[in-house]
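Report on the structure
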Amino acid sequence: MILYHGSNIEVSKPDITKSRAKLDFGIGFYTTDIEEQAKKWSERFKAKGEAAIVSVYELNDDALIKCKVLKFDSYSGDWLDFIVGCREGKETTDYDIIIGGIANDKVFDTCELYLKKMITKRAALGRLKYEKPNMQLCIKNQDVIDKYLVFKESRKI
């Protein structure tokens, strides 16, 4: 599987210790199989006058078979609870890889309203059912990165 990571630098050796906490799936190395999505991630840096770089990787298919994987196929109640827990810093998972929708601006706003108890879970899911998830794949285990993820190239945007 080909994966992309958008940043302001080439990331030839991903290191999850450099990840921030309180992200969608907690600490980990975030990628997507959608090149345009990675370009959007890197363009945030370009808007600040920094470089915009997309790094390209190949994930060995064995990773999805041999590792502990959690996959969210849609914006579901389980996905919402997981995202909110991670964003609150209450991450307690032992998964190696998590795959699911990205909390883009619209989705993030809905999650924030739910997190602040300004809307119910039912209302949040009602809003999210109209959003088509863009996939992100978060590798949460450095050993998985080292064993299964191969850097191919980087592209300046």
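Here the structure is a predicted model, which means the values were calculated and not measured. In this convention, every chain numbers its residues from 1, walking through the sequence in written order. This being a predicted model, a pLDDT of at least 70 is required before a residue's local features are given, and a value of 80 or more before pairs of side-chain atoms are given or counted; all residues contribute to the totals for chains, interfaces and linings. Just so you know, side-chain values use all the structure's heavy atoms and leave hydrogens and water out.

On to the sheet that holds strand S5 (residues 97-101). Between any two strands, at least two bridges found by DSSP are needed for them to pair. The way it works is that DSSP assigns letters per residue, a run of H or I at least four long becomes a helix, a run of E at least two long becomes a strand, and they are numbered from the N terminus. With mixed pairing, the 4 strands of this open sheet are ordered in space as S2-S6-S5-S4. One side of each edge strand has no neighbouring strand; the edge strands of this open sheet are strand S2 (29-31) and strand S4 (69-71). Here the average twist between neighbouring strands, direction ignored, is 15 degrees. Of the strand pairs in this sheet, S4 and S5 are connected by 3 bridges, and their pairing is parallel. In the strand pairing of S5, Lys-71 is matched with Ile-99. Note on method: axes are straight lines fitted to C-alpha atoms, helices fitted across the in-contact stretch only, with angles between N-to-C directions ranging 0 to 180 degrees.

Turning our eyes to something else, we now look at the packing of helix H3 (residues 77-87) against helix H5 (residues 121-128). Running from amino to carboxyl end, H3 crosses H5 at an angle of 110 degrees, the nearest separation of the two axes being 10 Å. Comparing their axes, H5 and H3 come out roughly perpendicular. Facing Gly-77, Trp-79, Leu-80 and Asp-81 of H3, the residues of H5 in contact are Lys-121, Ala-124, Leu-125 and Leu-128. Here the residues of the contact of H3 with H5 sort into 5 nonpolar, 1 polar and 2 charged. With respect to orientation, any angle under 35 degrees is reported as roughly parallel, any angle over 145 as roughly antiparallel, any angle of 65 to 115 as roughly perpendicular, and every other angle as oblique. Note on definitions: a residue-residue contact is assigned when non-hydrogen atoms from the two residues lie within 4.5 Å. When residues are grouped by polarity, Ala, Val, Leu, Ile, Met, Phe, Trp, Tyr, Cys and Pro land in nonpolar, Asp, Glu, Lys and Arg in charged, and all others, Gly among them, in polar.

Before going further, it helps to examine the side chain of Lys-140. Along the polypeptide, Lys-140 turns up in the loop between strand S6 (135-139) and helix H6 (142-148). Summary of the burial criterion: residues with accessible area below 20% of their type's maximum are buried, those above 50% are exposed, and those between are partly exposed, where the area comes from a 1.4 Å probe applied to protein chains only. Lys-140 sits in the buried class, given a relative accessible area of 12%. Distance and chemistry together define a polar contact, namely a pair of N or O atoms within 3.5 Å, with one atom able to donate a hydrogen and the other to accept it when in protein, and with adjacent residues in sequence counting only for side-chain atoms on both sides. Here the side chain of Lys-140 touches Phe-25 through a polar contact of 2.8 Å, landing on its backbone oxygen. Contacts of Lys-140, omitting those with residues within four sequence positions, involve Ile-16, Phe-25, Gly-26, Ile-27, Gly-28, Glu-91, Thr-93, Tyr-95, Asp-96 and Ile-98.

This brings us to the sheet that holds strand S1 (residues 2-7). The strand order S1-S3-S7 describes an open sheet built from 3 strands, whose pairing is antiparallel. For this open sheet the edge positions go to S1 and strand S7 (149-156), each flanked by a neighbour on one side alone. The average angle at which neighbouring strand axes cross in this sheet is 25 degrees, direction not considered. Bridge analysis of strand S3 (residues 53-59) against S7 gives 7 bridges, and the strand direction is antiparallel. What sits directly across from Val-56, in S7, is Glu-153.

This part covers the pairing of S6. In the case of a regular strand, side chains alternate between the two sheet surfaces. In terms of burial, S6 is a largely internal element, 5 of the 5 residues being buried. Neither face of S6 is exposed, since Met-135, Leu-137 and Ile-139 on one face and Gln-136 and Cys-138 on the opposite face are all buried. Bridge analysis of S2 against S6 gives 3 bridges, and the strand direction is antiparallel. Looking at the pairing, Phe-29 lines up with Ile-139 of S6. One ladder, built from 5 bridges, connects S5 with S6; its direction is antiparallel. Residue pairing in the sheet places Ile-98 in a bridge with Cys-138 of S6.

Geometric descriptors of this kind do not, in isolation, establish any biological role.
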